[in-house]
Amino acid sequence: MNTVSISRRKFAQLLGAGAACAVVKPAVSLAKTVPITHPAAPPLTGIVRLSSNENAYGPSPQALKAMTNVFHLACRYPDENAKALSEKLAKLNNVTPDQILLGDGSGEVLKLCAETLTGAQRGKLVVADPTFEAILHHATVNGAEVVKVPLTNSFAHDLAKMAEVSNAALVYICNPNNPTASITPKNELHDFISKTSSPTTILVDEAYFHYADSSDYDSVIPLIKDHPNLIVARTFSKIYGMAGLRCGYAVGQTETIAQLRAHQSWDSVNIMAVAAASASLDDANQVASGRRLNQETKTFVTTQLEAMGYNSIPSQANFVMFDVKRPVVPLIKALKDKNVEVGRLFPALPSHMRLTIGKKNEMEAFLTAFRQVAA
Ligand SMILES: Cc1ncc(COP(=O)(O)O)c(C=O)c1O
């Protein structure tokens, strides 16, 4: 079951209780007092939020419990806990701890890469169009030129065209890609990485890694050992359901990571996020059930859309992009008026809607509203 047994208000009360408890009795764990049996609830606003590719099922119950266990450590910097998480992630990814950089969400990793590697002097950022825009904004603010290369007809990154861009300081490859949920085939990506040398750095954003099950897809983390110019970004915001907590990480060679670390705020990941991330990694069910529920619900909604005549781009993520066969913006607004929030406009695909896969009842609410506004 994926319903909630701890409300936000109760959670806040517990946080207060945790702080008080820490003052009088620092060694006491709060775990016994917190009856957590299920992951967290969707917000109680009446809004169906299918706009941000979040995980509607919430964090692992083990993550919730782990956070209650560190309430009393909120007065401490996260040093030891962050170190332990880096070690755990290093082991998981078959690298050393100094090859891991924890970030305040993977968004911080993207920002650090843009700031450290691109700019008027350092060179251009090369991205697909459309892709996740955050890094474009950071590079632009940093004075870098941004070159957008349209996706191929199969919605993969056009790596041949991306390779042709001169003076590329950083190539950003989002795989699976947001907003299209499509993948760039592993053989093409491996080939591109092996042919691209310093001073060009490649950043592969694997935020949706856990949702991809195509035999044409894999992580490029194993390639890092041979490529000092390769960085991979991962997040706890998606399958681990921790978008509000903010924890992500980068993997790269030691010197590459040290270069990014030099530009980072100290202690940028808070202790609650560190505790939750660490516990999540121990909960195999979080990934297995997250994948299964996402797949089932995705099949349900895409089948319904197809029956209505709307085709989706094959999705390898927790969202789908489908062709609404008219400008999407009025539909986005009309859905919002019905309390259903879907993804924003992506100007390269002005008649496509990005729809996060939520729980089945949320998708049913979406379909009901969509049938009305698209009629
Ligand atoms: C591809 C991609 N990368 C990075 C992020 C940022 O995630 P985080 O919450 O880890 O900052 C997102 C968020 O939606 C995303 O879609």
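The following paragraphs examine the structure supplied in this document. Keep in mind that what you see is a predicted model, and the values were worked out from it rather than measured.

## Some words on the sheet that holds strand β4 (residues 146-150)
Next up, step 1: As summarised here, the arrangement of the 7 strands in space is β2-β8-β7-β6-β5-β3-β4, forming an open sheet in which the pairing is mixed. Every other strand in the sheet has two partners, leaving β2 (100-103) and β4 as the edge strands with one partner each. For this sheet the average axis-to-axis angle between neighbouring strands, irrespective of direction, equals 20°.
Next up, step 2: Across 4 bridges, the pairing between strand β7 (residues 230-235) and strand β8 (residues 248-251) is antiparallel. If you follow Val 232 over to β8, its bridge partner there is Val 251.
Next up, step 3: Seen against the sheet, helix α5 (residues 134-141) touches β3 (124-129), β4 and β5 (168-174) and runs at an angle of roughly 155° to β3.

## Points about the nonpolar core
Next up, step 1: Core analysis: the biggest nonpolar cluster contains 100 residues, and Cys 113, Leu 125, Ala 250, Ala 276 and Ala 277 have the highest contact counts within it.
Next up, step 2: Here this core spans two domains, and each of domain 1 (79-281) and domain 2 (286-373) adds at least three residues to it.

## Things to note about the site of the ligand
Next up, step 1: Gly 105, Ser 106, Gly 107, Thr 235 and Ser 237 are the nearest of the 13 residues found near the ligand.
Next up, step 2: Along the lines of polarity and charge, the residues of the shell around the ligand split into 4 nonpolar, 8 polar and 1 charged.

## Thoughts on the packing of helix α10 (residues 284-307) against helix α12 (residues 360-373)
Next up, step 1: It is the contact of α10 with α12, at a shortest axis distance of 10 Å, that shows an interaxial angle of 15°. By the angle between their directions, the pair α10 and α12 is classed as roughly parallel. The two elements α10 and α12 meet at a crossing, and its hand is right-handed. For the pair α10 and α12, the contacting residues are Thr 297, Phe 300, Val 301 and Gln 304 in the first and Lys 360, Met 363 and Leu 367 in the second.
Next up, step 2: Of the residues that constitute the contact of α10 with α12, the class distribution is 4 nonpolar, 2 polar and 1 charged.

## A short note on unusual backbone geometry
If a residue is not glycine, its phi is most likely negative; likewise, a peptide bond is most likely trans.
Next up, step 1: Put simply, Asn 175 and Pro 176 share a cis peptide bond, and its omega is -5°.
Next up, step 2: Here Pro 176 is to be found in the loop between β5 and α7 (186-195).
Next up, step 3: Here the residue pair Ser 198 and Pro 199 is connected by a cis peptide bond, since its omega of 10° sits within 30 degrees of zero.
Next up, step 4: Turning to its location among the elements, Pro 199 is positioned in the loop between α7 and β6 (201-205).
Next up, step 5: For Asn 53, which is not a glycine, the phi torsion comes out positive at approximately 55°.
Next up, step 6: Within the secondary structure layout, Asn 53 lies in the loop between β1 (48-50) and α2 (61-69).

Procedures and definitions
Residues numbered from 1 in each chain as written. Predicted model: local features only at pLDDT ≥ 70, side-chain atom pairs only at ≥ 80, totals over all residues. Pairing = 2+ DSSP bridges. Helix = DSSP H or I, 4+ residues; strand = E, 2+ residues; numbered from the N terminus. Axes fitted to C-alpha atoms, helices over the stretch in contact; angles between N-to-C directions. Contact = placed C-beta atoms within 7 Å. Core = buried A, V, L, I, M, F, W, Y, C linked by C-beta atoms within 7 Å. Buried ≥ 20, exposed ≤ 12 C-beta atoms within 10 Å, placed from the backbone. Domains from an automatic or database assignment. Near = placed C-beta within 6 Å. Nonpolar A, V, L, I, M, F, W, Y, C, P; charged D, E, K, R; others polar. Parallel < 35°, antiparallel > 145°, perpendicular 65-115°, else oblique. Left-handed = near helix turned anticlockwise from the far one by under 90°.

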